[in-house]
Amino acid sequence: MHQGGNFIGGSARLEGPNIQAGEIHGGVHFHARAAEAPAAGPPVPRQLLPVSPHFTDRECDLALLNSLLVGRAEESTPLIVVSGPAGIGKTALVSRWLRTTTERFPDGQLYADLRGHASDGPATPSELLGQFLRALGAGPLPATLAEQAALWRSVTAGLRVCVMLDNVFSAAQVRPLLPGGRHALVAVTSRHRLTGLRADGALYHQLGLLDPAAAEEVLSRGVGADRVRSEAQETRQLIDLCGGFPLALCLASARLASRPRQPMRSLVDALNRQDRLAALAIEGESSVNHALDESYAVLTGEAARLYRRLALAPAQVLDTRLAAAAAGIPLGEAEQLLDVLVEANLIEDIGPDSYRFHDLVRLHAEQRGQSDEQPAHRTELLRRVCEWYLATATEAQCRLSPIQLTLRRTYRYEPELPAPFQDGAGALAWLETRRMDLLAAVRAAYEQGWDDLAWQLVDALWPLFHRLRYHDLWVDAHDIGLRAARRSGDRSAERQMLNSGAIGFSVAGRVDEAIRWFSWSLEAAREAGDARDEGQALHGIGSAHRQAGRFREATAFLRRAIDTWEAAGYPRGAALSRIVLGEMALESAGAEWDGRRAVEYFEQAHRTLLAVDDPYDAARALAFRGRARAVDGDYRTAVSELREALAFFEAAGATPWQARILEMLGTSAAEHADAAAARDCFARARQLYALQSPSDAGRVGDLLAALPAEPADPRYGPPGQASDA
């Protein structure tokens, strides 16, 4: 059984037998980790630990979820929302339930943590759609949320998959993630009830450690059934505020019992005003915060230190290597201490070497870190974690972009930990799953004034930006990286940030901003006397103008780029600029631009790129040259060259270029009255485009529809009509 991709922590996870994994995905199952014996130390008083998600029997909840699914089986895609307070086992319950539904959904299971209450804000639908589509092998993604959602619905229209959306903040996060067709299941967990999803046909199940009847019984035993009945509305509000947490309910009962004349409304109002961790207390004692303090107090010194340091690190996803970096300890010791924290219910085991805090526990751990760690130690742990991110991201960069110029790396605490991946696919998966934590590290380094560390982190993330195209992340990171490079006075780093950041603006369709950044880069390159960077900036400005349809302006900059690069002895750059000039010629009357025919631009570029051993870009030039030959009337040669380029990109697994060349072949065939070949090529191109861009798929579909009707087979009559034979 083949398993699909794994993305954990503000990310997506896929599992199922019928999904083919993309290049960056590895197999993962929902699982429950077998607890090992904790490290030696004093016993942990059970009543002072955070309550386990399995504190109450969940069989009734599972039966109710099954009934909701069965009741909606023949209708539209079931949307089931499981809501309840933090840390009560929503994720554990729904994960356990979905493991029983695998036969209903043989095409796989997708998981995403929407980070509803994360300090860096909820995950965006666009962020998760990108992960889901890549997990399903959809390839490069459209830039806009509307196109991504349309592609997602199209890809899932015929699939029997279940989608788990964990830790949702709002209904608006969910709607773009609803799959197409009616054969899927969407299970949502949230602290909020998400009543706005009723319009989308949602069914609801509210989960608590104690159900309302059990919670009411606790209150009745403490304050008397008569008082609970007479203040029924306030009782319900109090139960909601306590969230079924047994300790909270007992404290509420004790406080009410000690104040028999005080209306329950007073306690309800007080709980609405106070800190979550200190929400319930009796004369300053026995609060929920106090219970967590007691759990913390009985940890060994090493486990307590790791507990508070993990919460201070810029990380939502925790693992053994991060723990080792944060505490400055060996991997084996970090793994043992993580086991202690899992056993104490202070962190949650969510996957292979993946952990997270419950939000309330993280807040407690942060407070302990602020009070128990010396300022110098807090600074050291932050630096250690950020430098571990830098070293690991740089290793990923070396695996994914070995020919790319890598700027210097400097460390104060150079990590000696092994990389958490073995190959390029694993490196890209690590970058994607940690991308929000990596951006948090960039921000933290900049705020600390560690400017070199900040821009070096951004530089190391180039494969993440270039391959996965998270536009907002790309732009935000480079904005910080540019400010850090300028503040540090490193002009080489500044040019690097300007160039790679400008490409991000261009990819996001923000052409004018791309031109502004490339213009800054041009000024900096000239100041430094760096001709190669000057050519890059000129090429970038020209390409951006071409993207905006301003061909005359584009030509001026591209010509200057060619001259600059050739004078600097960089023929590859000049060839890339000639490809852009050739594209403009292809789009112009007579396939000619600036005094030269398109085929001439592509011929020169192709020859140069082969000479400098750049087969990928040489294949691009070959494809364009084939299309130019078709426009010039040499159809047989055109088809030969286009098919040669197509074979190269098929071997390279480059789906976008396969689709584009098939479209070129279809257009060329249609122009030369070869309707059958055009029909075949357009159909194949549309199928490939459907995995990447709905707008391109629609455009090619229109080209397909515009072809002459397929001739009737004389043996069977007109298409769609049965023969009388």
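Preceding this section is the structure that the text describes.
### Focus on helix H17 (residues 424-433)
Residues lying three or four places apart along an α-helix face the same way, a consequence of the helix completing one turn every 3.6 residues.
And then number 1: In terms of burial, H17 is a largely internal element, seven of the 10 residues being buried.
And then number 2: Buried within H17 we find Ala427, Leu428, Ala429, Trp430, Leu431, Glu432 and Thr433.
And then number 3: Packing partners of the buried residues in H17 comprise helix H3 (125-135), helix H16 (375-400), helix H18 (435-447) and helix H20 (462-468).

### A closer look at the side chain of Arg625
And then number 1: Locating Arg625 in the fold gives a position in helix H28 (residues 615-631).
And then number 2: What makes Arg625 buried here is its relative accessible area of 10%.
And then number 3: Look past the residues within four positions of Arg625 in its chain and what remains in contact with it is Val599, Phe602, Glu603, His606 and Glu641.

### Here's the deal with the environment of Gln658
And then number 1: Note that Gln658 resides in helix H30 (residues 655-671).
And then number 2: Distance in space between the C-alpha atoms of Gln658 and Ala645 is 8.6 Å, their sequence separation being 13 residues.

### A word on the nonpolar core
And then number 1: The biggest cluster of nonpolar side chains holds 94 residues, and the ones touching the most others in it are Leu299, Tyr389 and Leu431.
And then number 2: Here this core takes nine residues from H16, the largest share from any one element.
And then number 3: When sequence neighbours within four positions are dropped, the list of residues in contact with Leu431 reads Ala393, Ala396, Leu400, Leu438, Leu461, Pro463 and Leu464.
And then number 4: Listed in part, the 48 residues of the second largest apolar core include Ala598, Ala618, Leu646 and Ala669.

### What to know about the packing of aromatic side chains
And then number 1: Throughout the structure, instances matching the rule amount to 18 aromatic pairs.
And then number 2: Consider the rings of Trp388 and Trp430, whose centres lie 5.9 Å apart with planes at 90°: the pair is edge-to-face. Residue Trp388 is located in helix H16, and its partner Trp430 is located in helix H17; the two are separated by 42 residues in the primary sequence.
And then number 3: Judged by its relative accessible area of 2%, Trp388 is buried.
And then number 4: Ring geometry for Trp517 and Trp520: centres 6.2 Å apart, planes at 40°, overall tilted. Taken together, the positions of Trp517 and Trp520, both in helix H23 (residues 511-528) and three residues apart, correspond to about one turn of that helix.
And then number 5: Its relative accessible area of 31% is what places Trp520 among the partly exposed residues.
And then number 6: Connected via pairs of aromatic rings, a cluster forms that spans Phe602, Tyr616, Phe624, Phe648, Phe649 and Trp657.

### Let's talk about the side chain of His364
And then number 1: Counting through the fold element by element, His364 comes out in helix H15 (residues 359-372).
And then number 2: When its relative accessible area of 1% is taken as the criterion, His364 is described as buried.

### Section: unusual backbone geometry
The phi angle of most residues is negative, glycine excepted, and most peptide bonds adopt the trans form.
And then number 1: Unusually for a residue other than glycine, Arg115 sits at a positive phi of about 50°.
And then number 2: Mapped onto the secondary structure, Arg115 falls in the loop between strand E3 (109-113) and H3.
And then number 3: For Ala591, which is not glycine, the phi torsion reads 50° and is therefore positive.
And then number 4: If you trace the backbone, Ala591 turns up in the loop between helix H26 (571-586) and strand E9 (592-593).
And then number 5: Relative accessible area serves as the criterion here: at 4%, Ala591 is assigned to the buried category.

What counts, and at which threshold
Residues numbered from 1 in each chain as written. Predicted model: local features only at pLDDT ≥ 70, side-chain atom pairs only at ≥ 80, totals over all residues. Heavy atoms only, no water. Buried < 20%, exposed > 50% of the residue type's maximum accessible area, 1.4 Å probe, protein only. Helix = DSSP H or I, 4+ residues; strand = E, 2+ residues; numbered from the N terminus. Contact = heavy atoms within 4.5 Å. Core = buried A, V, L, I, M, F, W, Y, C linked by side-chain atoms within 4.5 Å. Phe/Tyr/Trp six-rings, centres within 6.5 Å; stacked < 30°, edge-to-face > 60°.

Geometric descriptors of this kind do not, in isolation, establish any biological role.
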